[in-house]
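This is what each chain is made of:
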Amino acid sequence: MRTDYNPFSKDFDDVSADDLSILSSVAEGWYVEYKREVPNAGAVAKSITAFANTYGGWVFYGVTEKSKDDAVAGAFPGIAKDEADAVLQRTRQSVANHCQPSPYFRSKALFGPVETIGLAEDRCVIMIQVPWGPEAPYIHKDGRIYRRVGDGSEPKSENDRFILDQLWSRSSKITQGYADWIGRELETSEAEENSAYARLFLIADFWRDHDTINAVSLQKVREIMSDGNGSYAIPFDNIYQTSGGFICRQTADNDPEMLGLTWKLGHNFHSEIVIPLSKFRSNSLDDLEPWLNGYHHKDRFLKICKEQRYKNPTVVDLNLLLHALLGLTRIQVALAKEFGWKDSIFAKIEISGVWRTIPFFDAPHVLDEYERHGIALGQRNKVLLHPGKEQGSFIELSGPEDNDDSERDRVIMATSLFVNIAIAMGVPLGIDPDGDGSDVKDSIGDFLNAGVRTIEVQKNRSRLS
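Calculation rules
- Residues numbered from 1 in each chain as written.
- Predicted model: local features only at pLDDT ≥ 70, side-chain atom pairs only at ≥ 80, totals over all residues.
- Heavy atoms only, no water.
- Helix = DSSP H or I, 4+ residues; strand = E, 2+ residues; numbered from the N terminus.
- Buried < 20%, exposed > 50% of the residue type's maximum accessible area, 1.4 Å probe, protein only.
- Core = buried A, V, L, I, M, F, W, Y, C linked by side-chain atoms within 4.5 Å.
- Contact = heavy atoms within 4.5 Å.
- Polar contact = N/O pair within 3.5 Å; in protein donor to acceptor, adjacent residues only side chain to side chain.
- Pairing = 2+ DSSP bridges.
- Salt bridge = Lys/Arg side-chain N within 4 Å of Asp/Glu carboxyl O.
- Expected span 1.5 Å × (residues − 1).
- Arc of directions from axis to C-beta.
- Axes fitted to C-alpha atoms, helices over the stretch in contact; angles between N-to-C directions.
- Parallel < 35°, antiparallel > 145°, perpendicular 65-115°, else oblique.
- Left-handed = near helix turned anticlockwise from the far one by under 90°.
- Patch = residues over 30% accessible without salt bridge, like charges linked within 9 Å, V, L, I, M, F, W, Y side chains within 5 Å.
- Areas by Shrake-Rupley, 256 points an atom, 1.4 Å probe, with all protein chains shown as cover.
- Lys, Arg positive; Asp, Glu negative; His and termini not counted.
- Charge placed at Lys NZ, Arg CZ, Asp CG, Glu CD.

On to unusual backbone geometry, then. Across the junction of A136 and P137, the peptide omega takes the value 5 degrees, indicating a cis bond. Relative to the helices and strands, P137 is located in the loop between β8 (123-130) and β9 (139-140). Cis geometry is adopted by the peptide bond preceding H386, which originates at L385 and carries an omega value of -20 degrees. Despite not being glycine, D253 shows a phi value in the positive range, around 65 degrees. Within the secondary structure layout, D253 lies in the loop between β14 (245-249) and β15 (262-266). The exposure class of D253 is exposed, given its relative accessible area of 83%.

Core analysis: the largest hydrophobic core is formed by 77 residues, its most contacted members being M225, W263, F269, F301, Y370 and F447. What F447 contacts, discounting residues up to four positions off in sequence, is N319, L322, F361, A363, H365, V366, F418, V427, P428 and L429.

On to the side chain of R148. Structurally, R148 is set in the loop between β10 (146-147) and β11 (156-157). Of note is the side chain of R148, whose polar atom sits 2.7 Å from the backbone oxygen of G29.

The side chains of a regular strand alternate between the sheet's two faces. Looking at chain direction, strand β13 (residues 238-241) and β14 are connected through four bridges and run antiparallel. Residue Y240 lies in a different strand from β14, and its bridge partner there is I247. Hairpin connection of β13 to β14: three residues between the antiparallel strands.

Overall, the coordinates contain 19 salt bridges when judged by the stated rule. Between K382 and E185 there is a salt bridge, with its nearest N and O atoms 2.9 Å apart. Of this pair, K382 sits in strand β20 (residues 382-385) while E185 sits in the loop between α4 (170-183) and β12 (196-203), and the two are 197 residues apart along the sequence. For E185, a relative accessible area of 56% translates into the label exposed.

This part covers helix α2 (residues 84-98). Look at α2: 21 Å from first C-alpha to last across 15 residues, which is about the 21 Å you get at 1.5 Å a residue. Of the residues making up α2, those classed as buried are A84, V87, L88, T91, S94, V95 and H98. For α2, the angular spread of the buried residues around the axis is 125 degrees, confining them to a single face. Seen from the open side of α2, the exposed residues pointing more than 90 degrees away from its buried face are D85 and N97. Tucked inside the fold, the buried residues of α2 contact α1 (41-53), β5 (79-80), β6 (99-100), β7 (106-111), β8 and β9.

Take the environment of M413 next. For M413, the position within the fold is in helix α10 (residues 406-424). Each C-alpha atom of the pair M413 and A363 lies 22 Å from the other, and the pair is 50 residues apart in sequence. For M413, the contacting residues outside a window of four places in its chain are T329, Q332, V333 and L397.

Two numbers describe how helix α5 (residues 218-225) lies on helix α8 (residues 321-339): the axes approach to 10 Å, and their chain directions differ by 155 degrees. When the axes of α5 and α8 are compared, the pair comes out roughly antiparallel. As for the relative orientation of α5 and α8, their crossing is right-handed in sense. Contacts from K220, I224 and M225 in α5 reach I331, A334, L335 and E338 in α8.

Below, the discussion takes up the pairing of β8. Across the eight residues that make up β8, a large majority, seven, are buried. Across five bridges, the pairing between strand β2 (residues 57-61) and β8 is antiparallel. Across the sheet, Y61 pairs through a bridge with I126, a residue of β8. Pairing of β7 with β8 involves six bridges; the strand directions are antiparallel. Opposite S107, over in β8, you have I128 as the bridge partner.

Taken together, the side chains of D82, E83, E121 and D122 make up a negatively charged region of the molecular surface. Mapping E121 onto the fold places it in the loop between β7 and β8. For E121, a relative accessible area of 56% gives the class exposed.

Structural data, given as structure tokens:
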């Protein structure tokens with residue numbers, strides 16, 4: 001059975017009252033329900049949970065079937081136009097108050113006049129679209145689990161153990177799929193075995209209960225990914241299409257045979273982004289000094305290492321990380337517009353190759369903490385933020401605001417990701433428990449300034465090699 005049934009040849013948002021005429025050939029049954037009047041709250045919730053528990057479907061209030069033998073839409077008496085807003089609000093309340101959990105659905109009023117179907121000017125049809133629900137079973141307030149059955153016009157309560165087990169397993173199949181994807185080992189060459197990476201996993205439509213997202217062409221992906229204009233731009237120059245989506249790599253000034261900054265973008269708007277982290281294993285603090293040349297607080301960091309008896313530390317330079325995340329979220333926001341995605345994105349982050357490493361930031365408040373309380377040292381080679389398969393274990397990145405301020409959106413996304421990575425690696429964020437230190441907002445400015453200095457540091461390193 002289908003879980004993406006749509007009686008119209010267009011998306012929900014694009015359906016107009018004129019499109020209702022197609023229902024004269026659409027019978028009530030598995031995917032469609034017609035009601036002349038809006039029923040009571042319990043009946044509304046029963047219909048919506050039944051569709052969510054089965055294959056999804058559509059409910060139309062203000063439509064009657066032609067006959068019992070021919071259950072297509074026969075007439076469109078509609079609902080009073082001035083009651084539309086109240087009906088839409090009452091529908092939302094009915095589901096919220098009578099369902100556990102509350103299934104996702106969309107609703108809107110389609111206003112007359114439409115002469116071809118007899119919908120009067122002062123009337124409207126209330127249209128509700130209910131996707132297949134991955135968090136099934138959705139339980140009605142009366143304690144029953146309802147499903148659509150065959151060509152029946154009314155939901156049926158379900159008590160078959162096998163069917164109920166199938167409903168319970170829906171969400172676990174989806175979350176296990178994500179766990180398998182995220183749990184795959186990063187494939188590297190022998191030369192890259194000891195390198196450090198941050199892997200960022202981004203998931204749109206977590207429960208797969210929204211309309212199909214837009215298809216995006218290779219040409220458009222290349223246009224977005226290669227854009228080098230504006231602040232914090234990190235253009236990708238090697239972009240090609242595969243069976244599952246697109247591969248975007250940053251090979252300029254890098255060895256093209258090594259695993260550099262890579263974005264694997266799926267057609268479903270799921271992404272895996274690999275961010276290399278600069279890592280240096282020193283034989284002595286004297287060896288480390290030229291690798292840090294160009295940072296303002298290099299000498300202080302080396303002094304702290306010496307005082308705390310670190311003779312040959314392995315250091316991960318994270319100063320460019322916030323800049324990189326700002327560039328990546330800049331691209332993510334642009335891609336979201338092309339894919340037509342306006343809702344939240346769910347993220348997981350894995351950091352690998354960081355066992356017994358010191359995270360270094362050229363920021364005073366970080367060194368203050370290292371000086372007072374000791375240097376942060378990686379205790380595991382791989383860190384997953386945050387462990388778990390359930391949706392609550394993912395970092396939720398809110399969708400664009402109505403004001404369409406894309407710069408604000410990407411700054412919020414990048415900062416959220418950065419803060420989670422910093423905390424996971426033991427990096428202080430400027431929160432002073434005594435209340436007399438810098439706050440997070442001030443420290444973000446320090447991190448950004450340190451990132452600017454990294455450009456010169458990298459030039460120095462290239463001269464050393």
